[in-house]
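Architecture at a glance
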Amino acid sequence: MPEPTSEGKEAHATSFTDWWGCAFHPSVVRRGLKFAVVVGTILILINHGDAIVSGELTRTNYVKMAMTVVVPYVVSVLSSVGAMIDGARRAASATRRATEPV
(Lines give C-alpha, C1' and ligand atoms only; values in the text may rest on other atoms or scores of the structure.)
Protein backbone atom coordinates (compact mmCIF):
# COMPACT_ATOMS: atom_id res chain seq x y z
CA MET A 1 0.00 0.00 0.00
CA PRO A 2 1.05 3.65 -0.31
CA GLU A 3 3.93 4.94 1.78
CA PRO A 4 5.43 8.37 2.34
CA THR A 5 7.92 9.53 -0.27
CA SER A 6 11.26 11.19 0.44
CA GLU A 7 9.70 14.63 -0.14
CA GLY A 8 7.25 14.01 2.71
CA LYS A 9 4.30 13.72 0.36
CA GLU A 10 2.32 10.51 0.47
CA ALA A 11 2.35 8.17 -2.49
CA HIS A 12 -1.22 7.00 -2.91
CA ALA A 13 -2.84 4.15 -4.80
CA THR A 14 -3.95 6.55 -7.49
CA SER A 15 -2.31 5.08 -10.54
CA PHE A 16 -4.37 2.83 -12.76
CA THR A 17 -2.13 -0.14 -11.92
CA ASP A 18 -2.57 0.38 -8.17
CA TRP A 19 -6.32 0.84 -8.53
CA TRP A 20 -6.58 -2.23 -10.76
CA GLY A 21 -4.65 -4.30 -8.21
CA CYS A 22 -7.05 -3.26 -5.45
CA ALA A 23 -10.08 -3.98 -7.65
CA PHE A 24 -8.91 -7.56 -8.23
CA HIS A 25 -7.88 -8.26 -4.65
CA PRO A 26 -9.56 -11.59 -3.70
CA SER A 27 -11.53 -10.08 -0.80
CA VAL A 28 -12.86 -7.29 -3.03
CA VAL A 29 -13.90 -9.74 -5.74
CA ARG A 30 -15.63 -12.03 -3.19
CA ARG A 31 -17.49 -9.12 -1.63
CA GLY A 32 -18.54 -7.83 -5.04
CA LEU A 33 -19.83 -11.24 -6.10
CA LYS A 34 -21.85 -11.62 -2.90
CA PHE A 35 -23.47 -8.22 -3.41
CA ALA A 36 -24.09 -8.93 -7.09
CA VAL A 37 -25.90 -12.19 -6.33
CA VAL A 38 -28.04 -10.85 -3.49
CA VAL A 39 -28.84 -7.37 -4.80
CA GLY A 40 -28.98 -8.50 -8.43
CA THR A 41 -31.47 -11.27 -7.63
CA ILE A 42 -33.72 -8.89 -5.72
CA LEU A 43 -33.61 -6.32 -8.53
CA ILE A 44 -34.27 -8.97 -11.18
CA LEU A 45 -37.34 -10.16 -9.29
CA ILE A 46 -38.58 -6.58 -8.88
CA ASN A 47 -37.94 -5.52 -12.48
CA HIS A 48 -38.55 -8.75 -14.41
CA GLY A 49 -40.65 -10.87 -12.08
CA ASP A 50 -43.80 -10.51 -14.18
CA ALA A 51 -41.99 -11.62 -17.35
CA ILE A 52 -40.41 -14.55 -15.49
CA VAL A 53 -43.77 -15.70 -14.06
CA SER A 54 -45.58 -15.34 -17.38
CA GLY A 55 -42.77 -17.04 -19.30
CA GLU A 56 -42.45 -14.09 -21.68
CA LEU A 57 -38.72 -13.51 -21.42
CA THR A 58 -37.05 -12.02 -24.45
CA ARG A 59 -33.42 -11.61 -25.37
CA THR A 60 -33.70 -8.02 -24.17
CA ASN A 61 -34.88 -9.24 -20.75
CA TYR A 62 -31.85 -11.51 -20.46
CA VAL A 63 -29.47 -8.69 -21.38
CA LYS A 64 -31.12 -6.38 -18.85
CA MET A 65 -30.98 -9.09 -16.17
CA ALA A 66 -27.26 -9.58 -16.78
CA MET A 67 -26.69 -5.83 -16.49
CA THR A 68 -28.79 -5.81 -13.33
CA VAL A 69 -26.28 -8.19 -11.74
CA VAL A 70 -23.21 -6.34 -13.04
CA VAL A 71 -24.23 -2.97 -11.57
CA PRO A 72 -24.14 -3.99 -7.87
CA TYR A 73 -20.81 -5.75 -8.50
CA VAL A 74 -19.29 -2.58 -9.94
CA VAL A 75 -20.71 -0.42 -7.14
CA SER A 76 -19.32 -2.78 -4.50
CA VAL A 77 -15.87 -2.88 -6.11
CA LEU A 78 -15.72 0.91 -6.50
CA SER A 79 -16.74 1.36 -2.87
CA SER A 80 -14.22 -1.22 -1.63
CA VAL A 81 -11.34 0.25 -3.63
CA GLY A 82 -12.23 3.74 -2.43
CA ALA A 83 -12.25 2.53 1.19
CA MET A 84 -8.89 0.78 0.71
CA ILE A 85 -7.30 3.90 -0.77
CA ASP A 86 -8.73 6.14 1.96
CA GLY A 87 -7.55 3.71 4.65
CA ALA A 88 -4.06 3.65 3.19
CA ARG A 89 -3.99 7.47 3.11
CA ARG A 90 -5.08 7.68 6.76
CA ALA A 91 -2.51 5.07 7.80
CA ALA A 92 0.28 6.87 5.94
CA SER A 93 -0.77 10.19 7.46
CA ALA A 94 -0.87 8.71 10.97
CA THR A 95 2.56 7.11 10.45
CA ARG A 96 3.97 10.40 9.20
CA ARG A 97 2.54 12.29 12.20
CA ALA A 98 3.88 9.68 14.63
CA THR A 99 7.42 9.95 13.23
CA GLU A 100 7.56 13.77 13.06
CA PRO A 101 9.70 15.47 15.68
CA VAL A 102 7.73 17.26 18.38
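In the block above lies the structure referred to throughout.
Notes on the structure in this doc start here. (Residues numbered from 1 in each chain as written. Predicted model: local features only at pLDDT ≥ 70, side-chain atom pairs only at ≥ 80, totals over all residues. Heavy atoms only, no water.)

Between the first and last C-alpha of helix H2 (residues 26-54) there are 39 Å, a value that for 29 residues agrees with the 42 Å anticipated at 1.5 Å per step. Remark: the principal bend of H2, roughly 75°, maps to His 48. Buried positions along H2 lie against helix H1 (16-23) and helix H3 (59-99). Following H2 by one or two positions, Gly 55 adopts a phi angle in the positive range, close to 70°. (Helix = DSSP H or I, 4+ residues; strand = E, 2+ residues; numbered from the N terminus. Expected span 1.5 Å × (residues − 1). Bend = angle between axes of the 7 residues up to and from the residue. Contact = heavy atoms within 4.5 Å.)

To continue, consider the packing of aromatic side chains. Describing an aromatic ring pair means giving the distance of the ring centres and the angle of the ring planes. Taken as a whole and assessed by the stated rule, the structure comprises two aromatic pairs. An angle of 40° between the planes, with centres 6.5 Å apart, marks the rings of Trp 19 and Trp 20 as tilted. Take Trp 19: its relative accessible area is 26%, and that puts it in the partly exposed class. Taking the relative accessible area as the measure of exposure, Trp 20 reaches 42% and is therefore partly exposed. (Phe/Tyr/Trp six-rings, centres within 6.5 Å; stacked < 30°, edge-to-face > 60°. Buried < 20%, exposed > 50% of the residue type's maximum accessible area, 1.4 Å probe, protein only.)

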